[in-house]
Every structure is written in structure tokens, then in C-alpha cells.
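# Examining the three-dimensional arrangement
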Protein chains: 2
Amino acid sequence: MSKNLTKREEDYSKWYNELVVKADLAENSGVRGCMVIKPYGYAIWEKMQAELDRMFKETGHSNAYFPLFVPKSMFEAEEKNAEGFAKECAIVTHYRLKNDEDKPGKLMVDPNAKLEEELIVRPTSEAIIWSTYKNWVQSYRDLPLLINQWANVVRWEMRTRLFLRTAEFLWQEGHTAHATKQEALNETVQMMNVYADFVENFMAIPVVKGVKTETERFAGADETYCIEALMQDGKALQAGTSHFLGQNFAKAFDVKFANQEGKQEHVWGTSWGVSTRLMGALVMTHSDDNGLVLPPNLAPIQVVIVPIFRSDEELENISIVVKDLMAQFRKLGVTVKFDDRTTQKPGFKFAEWELKGVPVRIAVGPKDLENKTFEVARRDTLSKEVVAAEGVASHIQALLEQIQKDLFERALDYRNTHVTEVNSFDEFKKVLEGKAGFVSAHWDGTAETEEKIKELTKATIRCIPLDRKEETGTCVFTGKPSTGRVLFAKAY
Amino acid sequence: MSKNLTKREEDYSKWYNELVVKADLAENSGVRGCMVIKPYGYAIWEKMQAELDRMFKETGHSNAYFPLFVPKSMFEAEEKNAEGFAKECAIVTHYRLKNDEDKPGKLMVDPNAKLEEELIVRPTSEAIIWSTYKNWVQSYRDLPLLINQWANVVRWEMRTRLFLRTAEFLWQEGHTAHATKQEALNETVQMMNVYADFVENFMAIPVVKGVKTETERFAGADETYCIEALMQDGKALQAGTSHFLGQNFAKAFDVKFANQEGKQEHVWGTSWGVSTRLMGALVMTHSDDNGLVLPPNLAPIQVVIVPIFRSDEELENISIVVKDLMAQFRKLGVTVKFDDRTTQKPGFKFAEWELKGVPVRIAVGPKDLENKTFEVARRDTLSKEVVAAEGVASHIQALLEQIQKDLFERALDYRNTHVTEVNSFDEFKKVLEGKAGFVSAHWDGTAETEEKIKELTKATIRCIPLDRKEETGTCVFTGKPSTGRVLFAKAY
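In this report, we go over the structure that sits alongside the text. (Residues numbered from 1 in each chain as written. Chains lettered and ligands numbered in written order. Predicted model: local features only at pLDDT ≥ 70, side-chain atom pairs only at ≥ 80, totals over all residues. Heavy atoms only, no water.)

A word on the side chain of R122 of chain A. By the secondary structure assignment, R122 of chain A is in the loop between β8 (114–121) and α5 (126–136). The side chain of R122 of chain A sits in the buried core without any salt bridge; E168 of chain B is the nearest counter-charge, 4.3 Å away. Engagement of the side chain of R122 of chain A in a polar contact is seen with the backbone oxygen of F66 of chain A, the distance being 2.9 Å. (Helix = DSSP H or I, 4+ residues; strand = E, 2+ residues; numbered from the N terminus. Buried < 20%, exposed > 50% of the residue type's maximum accessible area, 1.4 Å probe, protein only. Lys, Arg positive; Asp, Glu negative; His and termini not counted. Salt bridge = Lys/Arg side-chain N within 4 Å of Asp/Glu carboxyl O. Polar contact = N/O pair within 3.5 Å; in protein donor to acceptor, adjacent residues only side chain to side chain.)

Moving on, we come to the sheet that holds strand β20 (residues 373–378) of chain B. Residue and element names in this part refer to chain B. One open sheet holds the 5 strands; their spatial order is β18-β17-β19-β20-β21, and the pairing between them is mixed. The open sheet has two edge strands with one neighbour each: β18 (336–338) and β21 (384–388). Strand-to-strand, the axes of this sheet are offset by a mean angle of 25°, without reference to chain direction. Note: strand β17 (residues 303–307) against β18, 3 bridges, orientation parallel. (Pairing = 2+ DSSP bridges. Axes fitted to C-alpha atoms, helices over the stretch in contact; angles between N-to-C directions.)

This brings us to the pairing of β21 of chain B. Residues and elements named next belong to chain B. Direction of pairing for β20 relative to β21: antiparallel, over a ladder of 5 bridges. Looking at β21, one finds that V376 is bridged to E385. In this antiparallel pair of consecutive strands, β20 and β21, the connection spans 5 residues, and L382 shows a positive phi of 60°.

One finds F69 of chain A together with F69 of chain B to be the most contacted residues of the largest nonpolar core, which totals 100 residues. Filtering out sequence-adjacent residues up to four positions away, F69 of chain A remains in contact with V92, L119, I120, V121 and I128 of chain A together with V31, C34, A90, V121, V154 and W156 of chain B. (Core = buried A, V, L, I, M, F, W, Y, C linked by side-chain atoms within 4.5 Å. Contact = heavy atoms within 4.5 Å.)

Overlaying chain B with chain A gives an RMSD of 0.0 Å, the required rotation being 180° about an axis along which the chain moves by 0.0 Å. As the rotation angle and translation indicate, the two copies are arranged about a two-fold axis. Judged by C-alpha distance, V92 of chain B is the residue of chain B that lies nearest the rotation axis, at 2.1 Å. Interface overlap between copies is the fraction of interface residues in one copy that are interface residues in the other; for chain B against chain A it reaches 100%, indicating a shared surface. (Least-squares fit on C-alpha atoms with pLDDT ≥ 70 in both.)

Now for helix α10 (residues 346–355) of chain B. All names here are of chain B. For α10, a buried count of 7 out of 10 residues is recorded, marking the element as mostly surrounded by other parts of the structure. Taken residue by residue, α10 has K349, F350, A351, E352, W353, E354 and L355 as its buried positions. Along its buried surface, α10 packs onto α1 (12–22), β17, β18 and β19 (360–364).

Once that is clear, we can look at the interface of chain B and chain A. Each partner contributes to the interface: chain B provides 62 residues, whereas chain A provides 62 residues. Across the chain B to chain A interface the summed buried area is about 5100 Å²; carbon plus sulfur atoms make up 67%. The three residues of chain B that bury the most area against chain A are Y65, L97 and L107 of chain B, which together make up 13% of that side's buried surface. Here chain B and chain A share 4 salt bridges between them. For K106 of chain A, the salt bridge identified is with E76 of chain B, shortest N-O distance 3.9 Å. The interface formed by chain B and chain A contains 30 residue pairs in polar contact (both at pLDDT 80 or more). Strand direction decides the pairing type here: strand β5 (residues 91–94) of chain A and strand β5 (residues 91–94) of chain B, joined by 3 bridges, are antiparallel. In the sheet register, V92 of chain A faces β5 of chain B, and the bridge partner there is V92 of chain B. (Buried area = accessible area lost by both parts, 1.4 Å probe.)

As C-alpha cells, then:
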């Protein structure tokens, strides 16, 4: 089974597309640019959702739901935001189909059912939400509003790829409103930190925290904080963003409150989101030529047990031992599957569960029953060991924790060896020819230079790292003065 | 606060609309027919989701996600389904906005960005899902497919009401595929039973299980099973439906499988769904003139504690006792809130939590501290008792269970006294003049009679109850022979 997967070295992009489909994560649908998230992929997404939702609630947020559609006049109220998304909007113009009289059995748009005002399918929900917040906020007592929404959004991308860039995707979007600038800034940073915590500790993907340049900023924000991850092919992937919206949306939608002195002020806002794009980051951080590698925290099945048998009697004897083991796993909260199909050989099953990234595989045959042992294999290292049956469940529970840590450490090592400081544009270009990773370079702070570097190298500024050291230098492209390095990379 | 709520006897419909908004469940948005589900309302919906999701998984289903859009040609493939939904479809025709040159700062639909094929915003997902299943099913080994989706859908209703009928609503839709007719029928009935179990035992709303007449059947189904509830104003509400689709979608989308003998057969299908409409049923089954009444299973806050104090010192003394009590509640898994706001008087708080339907309220003042008691009030009966502090947490835990049962029993009593058997059309009409409830009558089985009765009385056949007794009789309208009674009602 794994033999059919393209090798990463041969064609990374093809490997990715094949893996996503073959591991049953997602596939393209009959609708241009839209994907179907298959049950196995969706089960991983549900684990992400559950953990994020817990973290959002722990930080005081509640969920709510706002309309899918945004009337055009509402959409255009915040001009920068509208401009940023206008070129990729799906637009509803009619509300009825009718029988096509020329083509029996076919339908056509009913020209008499044209909407008075077009509706934009939300590419993001600031407009509809701030138009609602206007009615929810009168006094400082109504603040802060700390709301999150789990939803689908649509951005009409011309070139799409499963999870990484799809016309419709699933995400969560937090939208908060505050009485003071400082409180909104604190919220923006807090949520970036929540994302970093989640992506590093739950997904085992190391990230760099930073802020975006003005060019890369969210349309309508005063500042965009981000977490940036590095994929195995040396390209960066923006894993989450948290925007400080200033008073931009409050002004566009006239959202004011009476402060403690009774004076009217505009509200301060933030918004923040992560999406099914994280599924792409997951695949491209941990997986290998044999298929998916899942951190135990995200694995819908953490342990698979494959019986090795030549007769029904052997399978029966194995099953007795396995049932007892499964009960032990359940007590420990470990998710386990017993693959007792009689239609497939063990080798086929090994390859299938390898492809699907199950962190630990247990094989058990008649010899193991005799010796009171199990064969335990790690998906991440592909290593095997023979383990005594007694205490195996807690041994594997500890092993799962170890795998979670090891995956993060391995990805961190990789990332750390793929940040290259350069001091000339020749060096810059040379590093970008290979599996570059992040290129750390001085930049003169202008959008012009950023744009030119992008034209010449396809690399963009991924972020200005929050932990960068103060270091005077000269821009790698223009030679103008700079006060610190930024991270460039080609990116997804 | 409750004083501002219209009384049910005065204007039931107005009472409902006001309550939904004032109790912070939902409100109308700036988008025609679309609602905003507010955090408090959404928290109730989340409890419904969690329980249903658990029940679906327990019966072997997995979640997945399919596209929001359905290309027109795909939409029209199953003709009856297409015809059923064509008149209420939101249709995407363009994918880009551009600056309106005549109106600076305004946007317009870019006429150069017209889609080659229009996209229908899903009103239901059979078409897109069966077009996908075609690729997932080759052999009997691939069956059954047992998949559920949590999603938003859009039906362009002309007259909308919060939760009950909105252009966009949230729901779950199960879509299953089976090798045999019997298996699909079993699934259809199983899911109706899951819904009945959920609505009765979790939402405390009694339902009648039945099948729809052909007229009321889901467009594209061979049979629609349903659960019907009765609201306080005597109108019925369809609370959930489960459809046996026969081979209709399999034929429309050419979904075949090789059976055990290697012969090609069409797959058998089901679909089933419940929606945010259930929120409307919840409100209209239990609530009263003081506001919302929530069954403890669905209450985001099950117990609210209101301190009665005249000084900071008194509040402080109360807080010490309350903190201990809250810890006890948390251990028992009871959700509790301490309303220690100093900006509002106890009377205001009482009214607010009454409006929001919190099942149990505890009041505690200096006298209670002295006597080691609490005042415990039930929201459903508005009754109060003084309870000894010792053991109060487990007392209230038991009380919550009692309230859950009592709410169901009360609703069941109401429902049972609102099913009237009639044997003439005069009786039929007379009963329907008041708060009718269900009218149980003989019907000749024709769509013509059904239609005429609807024209004359606005009552429709809600269902043919599964447990109806065999009883020969004559149609209440035509006098033609009938083999059993059906339930008529005016309905939401």
C-alpha cells in the first residue's frame, strides 16, 4: 500500500496530494475548489476543535453564530477590509430556480427572483459581527465582548490545494470588543499565545511568534500577530493569526460606548482565527514516505492491535488476551482498535495503519501468547520492541507521551537547522535555491523593498519575530539601515 | 424585567418573539431572514449538539464535511428533490466584486466574473453527498456508509421567525448508504428512535412517532418517519425527520456496488436531520409568562446563587460559604454561577435569572448564615423551600433530576389532554377553533382530501402514528372507508 505513495524527494507536492487522499483525510469534490473532509480527516479536525474550544472557554470566550451572508452595503463599510476580500467573493444574486422550458427536466435561475441587494458569502465575519455589536454595546458595562464562532467561510481562490487553499474552508474566528486599546492589545497577544501553545503542545509543531509587515497584514487591522511554522520542504506556513483591529470596525459600524465618565468612545477590537489549513501543516510537519505520522494527541486511533494467526482457533486465543488489554487501555483513556479482519493479511494491515499514521501498533501471535509478550512498533521511528504483557498498557501510555514529545523535538531540530542568517543578497538568493527554510536578514522596513525581493525570489517576509534581538545592520537588498532581522521564506 | 414580557394569553406569537430576544437566545440580523444565535442560546445548542453527537457515534456514525455549494447540474440530478427545493434556493452566480466607478468607495458585482455554472447554496446535502458516495462505493465491503454532518443550510423562506423558520439554519444531516433495503429501513427507524429518545429524555418534550403522508414527505424520499411535538398554543411542531430514500439517489447518481455474488446493484439510502428549530420547540414547550424554563440537561447554568446583603462585610461572609458550596456542586458536575454583582439588587437578579430559565436559584442572606440554611427556588414551579446547608448540594442534584422528570410529565399531560378524537367534520372544525392540539380522525388516504381539509381548516396531517390501533371507520371529510386514524393539527 505504501509503495504506491510518491516519495517526498521525488515530488513533495505530489506526495502531499496523494497522502491526503490515500490516508482518507480529504479529497476534491465535484465543486470547483471545494473539498470533502472524509471521516478520518474530520475525526482529527474534531480533536483540534475540542482542544481549541476548551482553551477559548478557559480564557473567557463564548461561542455564538452569525449569518453566512453579508449584504454588499454592509460588506463595503470597512473599506480596507472590503478591498482586501472583494476579488475573491462568492456572490448570491438570486433566490429561486425554475423549470427551464427549453430543456425538460432542467432548472434555470429565475430572472424574476433577483435580490434587491447582493449577498456576499462571508470570507470572514468582521462586517456582519460588528454590525451586530453595534446593538450589543451601549455602556462600558457591556464590555468586553469575548465571542468565538465555528464556521465555514468562502474565498474564491483560483489555485486550490486540499486543506492549504480551498474555496470553502472550516475555521474558528474570534471577535472581541474592548473599552481600551491596551485591553484589546492584550487580548490580541493572548490569543496568539493560545494558538502557539496549541500548535506546539497539541500538534507538536514548533512555531515562530511574530508580527506581520504592513503588506502582509489582515485587511482592516492595525497589527497582525502570527505564528509561522516550517514544512519539510523548507516552505513556511502561516498557522494562525491574531489581529488588533484598533477602532477601524467600530468606526465603520459606529460602535460606541459610554465610558465611566459617561463620555462616548469608539470600541477597540480584535479578531483571530485558525482553520482546516492546520491539517495541511500537520501532514507536512510529521509525515514520511510511508504515510501519515500523527502526534498521539491528534490520533483518532492511538493504538492498533493486529493479530497474527493461521487458524480460527489461534485468532480466538489471541482475541481473549486482546480483549483484556483493550479494557486496560480504555481505563487509561487510550483509544485502541483491534483489527481482526479475516479478509486481509497482517502485512496489508501494517501498511494500512502506517499510511494512516496510527502512533503505536501492537502485533500479537501464538508465540507471543506463549511468551506473554507483545510486539510494539512506533509509527514515528518505525522501530519495534518486544514488551512483556504485564504492564504493557501503562508502558504504551508512557510511550505515547514520549512520541508526542519526540515529534515536537524532531520538528524543532529541523526548524532550528533551517533558519539561516544572511548578510548579502547573493547569499539570500543562494539559500533560497535549496530547501531554504527561514532566511533571517536585515530589511530597510519599506514595502517597496519587500515587494522587489518577492518579485525576484518569491520569498515574503513571514514575520518580524517577537524575540528578535536588537541588532543594527544594513538591508540585504538596499543597504539602508535596519534595526533588526526579519524572517523571509517561500510560503504556502 | 419579566413585567415587560407579553403574556402568552394575550399574544402567544409576540410572547415567543420577545422571549427569544430578551432571554438572549437569538435575534434578527441585518440580513433578511437570517438570525444571530447569541452566546446564551448557542450554549444551549452546544449541549444539544454534544448529546446528539454522542448518540450518533454510539450508533456507529462518523462525522464528515461536504461542500456548501452544489452545482446546478448536480442539484437537478434527483428530479423530485430538485423540484422540492428549487423555489427556495440562494444562488451564487459571480465570484468577484470590483470598484463601482460611478460611486467612489462602493463595490459592484464584476460582470466579467460570472460563473460558468451557477452554484446552489445547499438547502440539504443529498445531491453533493451522493455524488461523492459514487466514488466511495464499489463493493458490498464498502457498505454501509454511516456519516453525519454538522452544517449550515439555506432555504429562502419568505416569512421567517427566529429558530422556527429562518433562511439560514444550523442542523445535522445524517446520510447513510446500505447494501439492502431492509438495512436501510432499519437505519431509518433507528434514527427516528434516537431522535425521540433525545427529544423526550434530554429536552423533556414528548413526541408522537409516525410516518408522513405522501404530500408531506421529504422530496426524494420513499418514506419519511417523523417525531411530532405539541406546543403550548395547540400547534404542532415537526421536531425531527428520518427519510428512507430507497434507491432514488443511488439511481440519480449511479451509485452501485458489487454484491457478494459479484452482481451490480444500486445502493439503498437514508437521510435524517434535526435543526436549530428544536430551540423553538424548547421555548414553546416549557416556558411561561416570566420567561424561559430550561430542563436541567440543557441549562448552561443549572444553579444560580444570589447573595442578599446590605454591606461589603455581609457579602464577604456570604461569599465564604458560597465558595465552599460551589466546590461541592462542581464535584457533582452541577453547573453553578454566583451572581455577586454589586450593581444590581436581588430582585433584579431574580427576575433576570427567571427570564433566562435557570432551573434552580439559591438565595442566601445573613439570616441563612445564622441558621445554616439556604432558600432554594425552582424555576419551573416558582416554589421555594428553606433547606439545611448540610447536604444541600446533593439535595439540589436530586432536585435537578426531579425537575427534568417533572417538566416531561407536565408536557406529557398537556399533550395527552390535547389529542381529540373526532368523528365528523363539524366536530373537526370546532376542535380546531380553540387551542386544538392534535385532532385524531379517519381519513380516506387521498392527497385530494388532505389538500381540501388544509384549505378549509389550515390543519395538515402531522403523521400517521406508528402505534395507531387498527380501527375501521369512515373519512371525516368524504365518508369513504378508512383503516385507522391519523393526527391532524395546525403546525409551525
